[in-house]
Amino acid sequence: MNIILQRKKSILMVIFLSMIFAIALNILPTKASILVFLALLVLPIIALRSEIGVYLAILMMPFINFKYISLLIFYSFGSFLVKTLYQKKKLKITKIDGPLLLFSLTILMSSVFSITLVQSIKELFYYISIILAVFMISKSFDKKKLNYLLLCFLLAAVLVSIIGIHQYMIGDMGHQSWVDKKVNPDLKARAYSTMDNPNILAEYLVIACSMGLVLFIDSKNFLRKVLVGIFTAVNVLCLLLTFSRGGWVGFAIAVLIIILFEENRLIPIGMLIGIISLFFLPEVVIDRIKSIGNLHDSSNAYRFLIWSAALKMFKDFWLSGIGLGYGAFIKAYPNYMLAGVKAAHAHNMYLQVAIETGILGLLTFLYSVLKAYGIGILNILKSNDKFFKRLSVASIGALSGLLFHGLVEHVLFDYRIVFSFWLVIGIIVASWNEKAVDS
């Protein structure tokens, strides 16, 4: 009797979904109709298993508008909260909760007093969804869930990389301003893939490559090791083809940190290989490396003018900030612009955060990051589980690479990178929360 009843319910559900899909096809555009239908299928599953929402967000993030990712995260966090309360479980208190709450308050105040209120409220919606994702990951993800999370990130990244490599091979130039032909005459194209900009793609791949290296090292299954190795190699190749100097240096820092933990005796060998490889690298790569400190390179020269203007802006808005998001910066910047150099951001992450959210925003941001570093280092020193040690090392490596890149680029300009950045922090805290720690 129960089986017959269950079948009837299944048939009724199929009929109901089919009717909704048919109505949507007649009312909405085809793409929107498909999204509605997929949502009807997926949302009930997420209600039962909220972590699936995070996996889907990571998989879809490089390919769809971030507003849909935010909505998915809000729904997933709501499902997680309802389930936790229904089961009368206590929410874990983590060491990142305080810093994140303080940072959330500063971006809230920055948005309320923004010179572009509507735009900043929209940006706040995105940022809060990201912080909620960090809370959910840090409080509920165990080793199994973290493994799935990393595999989803790696799979999405390799698809992004394949698109980027194809762009480079067909000579897709993208935006002409991405290449200074006088300094880099042999540079014909730069991979940018679905990220719309080579530097943004590089920032994303620094995280993907770092996590891929650790998954490769930690994999015990031969087939999994081979697959992860191939995926990581594809991501590293695409990172190279972005020709993002900050991305290259950032990844080099991440690799150095990983090697330092895994086998520090390999560092001299790695440095020797690096020096020797300079004699065999293509000329276009050598030219790009040489241009890192070249003030005649247009992308280097204009940064100094933007930084000077941005510092003046910060002096005028040091307490409250101009408001969260690039909209406020674009509105205020023309009043400080030097030599007619236009900019959508300050080309320095720390300066941009300070301009948008004021001195308190910068301090709470740095406090959150430093707190994550402290948790990660404690985990490396005290954890009795190699996976969590390695995960903390990779996360610290990826963060260090991005933070260094942030000296010459606003790495938190694109919300896909903002999400990835804070995702790494959530992973660090989740590793500590697993309680695989020596007493």
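In case you missed it, the structure is sitting above this.
Procedures and definitions
- Each chain carries its own residue numbering, running from 1 in the direction its sequence is written.
- Only residues with pLDDT of 70 or above have their local features reported here, since the model is predicted, and side-chain atom pairs are shown and tallied only from 80 upward, although totals for entire chains, interfaces and linings are computed over all residues.
- As a rule here, side-chain values come from all non-hydrogen atoms in the structure, and water together with hydrogens is ignored.
- Numbering goes from the N terminus for both helices and strands, where a helix is a DSSP run of H or I of at least four residues and a strand is a run of E of at least two.
- We call two residues in contact whenever any of their non-hydrogen atoms come within 4.5 Å of each other.
- All accessible-area figures derive from a Shrake-Rupley calculation using a 1.4 Å probe, and residue coverage is judged against the displayed protein chains alone.
- For each residue, the accessible area found with a 1.4 Å probe, counting protein chains only, is set against the maximum for its type, and the residue is called buried under 20%, exposed over 50%, and partly exposed in between.
- When the sulfur atoms of two cysteines come within 2.5 Å, that pair is taken as a disulfide.
- Here a polar contact means two N or O atoms within 3.5 Å. Within protein one must be a hydrogen donor candidate and the other an acceptor candidate, and residues neighboring in sequence count only if both atoms are side-chain atoms.
- A helix's residues, less one, multiplied by 1.5 Å, set its expected span.
- Buried Ala, Val, Leu, Ile, Met, Phe, Trp, Tyr and Cys residues that are joined via side-chain atoms within 4.5 Å together make up what is termed a nonpolar core.
- Ring pairs shown here join Phe, Tyr and Trp side chains whose ring centres sit within 6.5 Å, with only the six-membered ring taken for Trp; geometry is labelled stacked below 30 degrees between planes, edge-to-face above 60, and tilted in between.
- Over a ring means this: the NZ of a Lys or the CZ of an Arg is within 6 Å of the ring centre and within 35 degrees of the ring normal.
- One side-chain nitrogen of Lys or Arg within 4 Å of one carboxyl oxygen of Asp or Glu is enough to make a salt bridge.
- Each axis is a line fitted through C-alpha atoms, taken for helices only over the stretch in contact, and angles between the N-to-C directions span 0 to 180 degrees.
- Orientation labels follow simple angle bins: below 35 degrees gives roughly parallel, above 145 gives roughly antiparallel, 65 to 115 gives roughly perpendicular, and whatever is left gives oblique.
- Each helix crossing is assigned a hand: it is left-handed if the near helix lies turned anticlockwise from the far helix by less than a right angle, otherwise right-handed if that turn is clockwise.

Draft legend 1. Looking closely at the overall build of the chain. Along its length, the chain carries 17 helices and zero strands. Excluding contacts between residues fewer than 6 apart, the proportion of contacts in the chain whose partners are at least 24 apart in sequence is 77%. Approximately 21,400 Å² of the chain is accessible, and the part contributed by carbon and sulfur atoms is 72%.

Draft legend 2. Examining unusual backbone geometry more closely. If you check the backbone angles, Asp 196 has positive phi at about 70 degrees while not being a glycine. Owing to a relative accessible area of 51%, Asp 196 belongs among the exposed residues under this scheme.

Draft legend 3. Local environment of the state of the cysteines. Taken as a whole, this structure holds zero disulfides when the rule is applied. Looking at the unpaired Cys 209, the closest cysteine sulfur is the one in Cys 238, lying at 8.6 Å. On the basis of relative accessible area, Cys 238 is assigned to the buried category, the value being 0%.

Draft legend 4. Just the environment of Tyr 350, in detail. Take Tyr 350: it is sitting in helix H15 (residues 349–382). On the basis of relative accessible area, Tyr 350 is assigned to the buried category, the value being 19%. Taking the C-alpha atoms as reference points, Tyr 350 and Val 408, 58 residues apart in sequence, are found 9.7 Å from one another. At 2.7 Å, the side chain of Tyr 350 and the backbone oxygen of Leu 403 are in polar contact.

Draft legend 5. Quick peek at helix H5 (residues 97–112). The first and last C-alpha atoms of H5 sit 22 Å apart over 16 residues, in line with the 22 Å expected at 1.5 Å per residue. Those residues of H5 lying buried are Asp 97, Pro 99, Leu 100, Phe 103, Ser 104, Thr 106, Ile 107, Ser 110 and Ser 111.

Draft legend 6. Examining the nonpolar core more closely. Residues Tyr 127, Leu 149, Tyr 204, Phe 419, Phe 421 and Trp 422 are the most contacted members of the largest nonpolar core, which totals 115 residues. Once you skip the residues sitting within four places of it in the chain, Leu 149 turns out to touch Val 54, Tyr 55, Ile 58, Ile 137, Phe 141, Leu 423 and Ile 427.

Draft legend 7. Quick look at the side chain of His 347. When you line up the elements, His 347 lands in the loop between helix H14 (326–332) and H15. What His 347 contacts, discounting residues up to four positions off in sequence, is Tyr 302, Arg 303, Ile 306, Trp 307, Leu 407, Val 408, Glu 409 and His 410.

Draft legend 8. Structural detail: the packing of aromatic side chains. Going through the model one piece at a time under the given rule, you end up with 23 aromatic pairs. Here Phe 365 and Phe 421 contribute two aromatic rings whose centre-to-centre distance is 6.0 Å and whose plane-to-plane angle is 20 degrees, an arrangement assigned as stacked. Placement of the pair is Phe 365 in helix H15 and Phe 421 in helix H17 (residues 415–433), with a sequence separation of 56 residues. Each member of the pair, Phe 365 as well as Phe 421, is classed as buried. With a centroid separation of 5.7 Å and an interplanar angle of 80 degrees, the aromatic rings of Phe 421 and Trp 422 are classed as edge-to-face. Overall, the relative accessible area of 0% leaves Phe 421 in the buried class. According to the relative accessible area criterion, Trp 422 is buried, its value standing at 0%. Linked through ring pairs, Phe 66, Phe 74, Phe 103, Phe 125, Tyr 126, Tyr 127, Phe 365, Tyr 415, Phe 419, Phe 421 and Trp 422 together constitute an aromatic cluster. In this structure, Lys 145 packs its charged tip against the face of Phe 141, placed 5.9 Å from the ring centre. Its end group placed over the ring of Phe 216, Lys 225 keeps NZ or CZ at 4.6 Å from the ring centre.

Draft legend 9. Seen up close, the pattern of salt bridges. Inspection of every chain in the model, using the stated rule, returns nine salt bridges. One network of salt bridges, in which partners are shared, links Arg 49, Glu 51 and Lys 145.

Draft legend 10. Just the packing of H5 against helix H6 (residues 117–140), in detail. Taken N-terminus to C-terminus, the directions of H5 and H6 make an angle of 170 degrees; their axes are 9 Å apart at the nearest point. With respect to their mutual orientation, H5 and H6 come out roughly antiparallel. Contacts between H5 and H6 pair Asp 97, Leu 100, Leu 101, Phe 103, Ser 104, Ile 107, Leu 108, Ser 111 and Val 112 from the former with Leu 117, Ser 120, Ile 121, Leu 124, Tyr 127, Ile 128, Ile 131, Val 134, Phe 135 and Lys 139 from the latter.

Draft legend 11. Just helix H16 (residues 386–405), in detail. The end-to-end C-alpha distance of H16, which contains 20 residues, comes to 28 Å, matching closely the 28 Å that a straight helix rising 1.5 Å per residue would cover. Summarising burial for H16: 18 of the 20 residues are buried, a large majority. The opening residue of H16, the one whose side-chain oxygen lies 2.8 Å from the backbone nitrogen of Phe 387, is Asp 385.

Draft legend 12. Spotlight on the packing of H15 against H16. Direction vectors running N to C along H15 and H16 enclose 155 degrees, while the axes themselves pass 10 Å from each other. One finds that H15 runs roughly antiparallel with respect to H16. In this structure, H15 meets H16 at a crossing whose hand is left-handed. The residues of H16 that touch H15, namely those facing Met 349, Tyr 350, Val 369, Tyr 373, Gly 376, Ile 377, Asn 379, Ile 380 and Leu 381, are Phe 388, Lys 389, Ser 392, Val 393, Ile 396, Leu 399, Ser 400 and Leu 403.

Draft legend 13. Fine view of the environment of Leu 412. In this fold, Leu 412 is placed in the loop between H16 and H17. Sequence-wise, Leu 412 and Gln 352 are 60 residues apart; in three dimensions their C-alpha atoms are separated by 9.0 Å. The contact partners of Leu 412, leaving out residues within four places of it in the chain, are Tyr 127, Met 349, Phe 365, Ile 417, Val 418 and Phe 421.

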